[in-house]
Amino acid sequence: MNVDSVRGYCLSFPQARETLQWGETLCFKVAGKIFAMLSLASVPPSLCFKCAPERFSELCEQEGIRPAPYVGRYKWVLLERLDVLSDEEIEDLIRESYEMVVAKGKAKVRVKKVKVNAKGFKPQTTQRTRRKES
């Protein structure tokens with residue numbers, strides 16, 4: 001894969017966005033959470049993404065793949081070159097990262113419940129104010 005194909009693939013996911021952060025790093029996000037990072041500053045370009053714990057150990061045993069700086073403890077790996085794995089493997093790993101980030105995001109979404117009265121209206125809320133004691 002090359003920079004353009006990684007970028008195109010990452011942006012093909014629903015609600016995926018791209019931002020340029022930390023100098024020359026393209027961050028691909030869904031719901032504000034990063035699922036992949038592509039460093040344009042390194043030569044050759046490097047790719048970083050989240051993976052499952054068992055996959056993390058497997059990948060880190062291969063040459064050219066190591067735990068990602070700062071986020072390796074959260075099971076993020078760094079591909080030092082885009083040709084370390086086949087295109088299909090990279091696409092599968094990026095898709096898995098995207099799915100893990102989406103799944104984690106859904107688990108943290110909190111729905112605010114609103115009580116409705118018998119007529120189907122929300123009750124009006126009023127703020128209480130405290131009087132100053134003299």
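Reading the values: the criteria
- Within every chain, residues take consecutive numbers counted from 1 along the sequence as written.
- Since the coordinates come from a predicted model, pLDDT governs what is reported: local features require at least 70, and pairs of side-chain atoms require 80 or more to be given and counted, while whole-chain, interface and lining totals use all residues.
- In computing side-chain values, all of the structure's heavy atoms are included and hydrogens and water are not.
- Should DSSP find at least two bridges between two strands, the strands are taken to pair.
- Each helix is a run of DSSP H or I of at least 4 residues and each strand a run of E of at least 2, with the numbering of both proceeding from the N terminus.
- Lines fitted to C-alpha atoms define the axes, with helix axes restricted to the stretch in contact, and inter-axis angles between N-to-C directions lie between 0 and 180 degrees.
- Note on contacts: a residue pair is in contact if any heavy atoms of the two residues lie within 4.5 Å.
- Buried residues are those whose accessible area, probed at 1.4 Å on protein chains only, stays under 20% of the maximum for their type, while exposed residues exceed 50% and partly exposed ones sit between those limits.
- Aromatic pairs are defined between Phe, Tyr and Trp rings, using the six-membered ring for Trp, whenever the two ring centres lie within 6.5 Å; interplanar angles under 30 degrees are classed as stacked, those over 60 as edge-to-face, and all others as tilted.
- Positive charges come from Lys and Arg alone, negative charges from Asp and Glu alone, with His and the N- and C-terminal ends not counted.
- Should a side-chain nitrogen of Lys or Arg be within 4 Å of a carboxyl oxygen of Asp or Glu, the pair is scored as a salt bridge.

Visitor: Outline the pairing of strand β1 (residues 16–21), supporting the account with residue identities and numerical values.
Guide: As paired elements, β1 and strand β2 (residues 25–30) share six bridges and run antiparallel to each other. Each bridged residue has a counterpart across the sheet, and for Gln21 the counterpart in β2 is Thr25. Counting the residues that bridge the hairpin from β1 to β2 gives three residues, and of these Trp22 lies at a positive phi of roughly 50°.

Visitor: Provide a residue-level description of the sheet that holds strand β4 (residues 46–50), including the pertinent values.
Guide: Within the open sheet, the six strands sit side by side as β1-β2-β3-β4-β6-β5. Their pairing is antiparallel. In this open sheet, the two edge strands, each paired with only one partner strand, are β1 and β5 (65–67). Strand-to-strand twist of the sheet, defined as the mean angle between neighbouring strand axes without regard to direction, takes the value 25°. The sheet contact formed by β5 and strand β6 (residues 76–79) spans three bridges and is antiparallel. The partner of Pro67 across the bridge, within β6, is Val77. Relative to the sheet, helix α1 (residues 3–11) contacts β1, β2, β3 (33–39) and β4, its axis offset from that of β1 by approximately 135°. Packing against the sheet, helix α2 (residues 53–60) makes contact with β5 and β6, and its axis sits at approximately 130° to β5.

Visitor: Before we move on, could you go through the pairing of β6 and cite the residues and values that matter?
Guide: A two-sided burial pattern is seen for β6, the buried positions comprising Trp76 and Leu78 on one face and Val77 and Leu79 on the other. As defined by bridge partners, β4 adjoins β6 across four bridges and the pair is classed as antiparallel. The residue bridging Cys48 from the neighbouring strand is Leu78, located in β6.

Visitor: Mind laying out the packing of aromatic side chains, listing which residues take part and the relevant values?
Guide: In this structure the tally under the stated criterion is four aromatic pairs. Taking the centre distance of 5.1 Å and the plane angle of 75° together, the rings of Tyr9 and Phe13 count as edge-to-face. Judged on exposure class, the residue Tyr9 and its partner Phe13 are both buried. Three or more aromatic residues joined by ring pairs make a cluster, and in this case those are Tyr9, Phe13, Phe35 and Tyr98.

Visitor: Break down the environment of Cys10 for me, with residues and values.
Guide: Structurally, Cys10 is set in helix α1. On the basis of relative accessibility, which here comes to 0%, the residue Cys10 falls in the buried class. A C-alpha to C-alpha distance of 8.2 Å links Cys10 and Arg95, two positions 85 residues apart in sequence.

Visitor: Quick one: what's the story with the side chain of Lys29, residue by residue and with numbers?
Guide: By the secondary structure assignment, Lys29 is in strand β2. Of the side chains with opposite charge, Glu18 comes closest to the buried, unpaired Lys29, at an N-O distance of 12 Å. Contact partners of Lys29, with chain neighbours within four places excluded, come to Gln15, Ala16, Arg17, Thr19, Gln21, Ile34 and Phe35.

That's the geometry; what it means functionally is another story.
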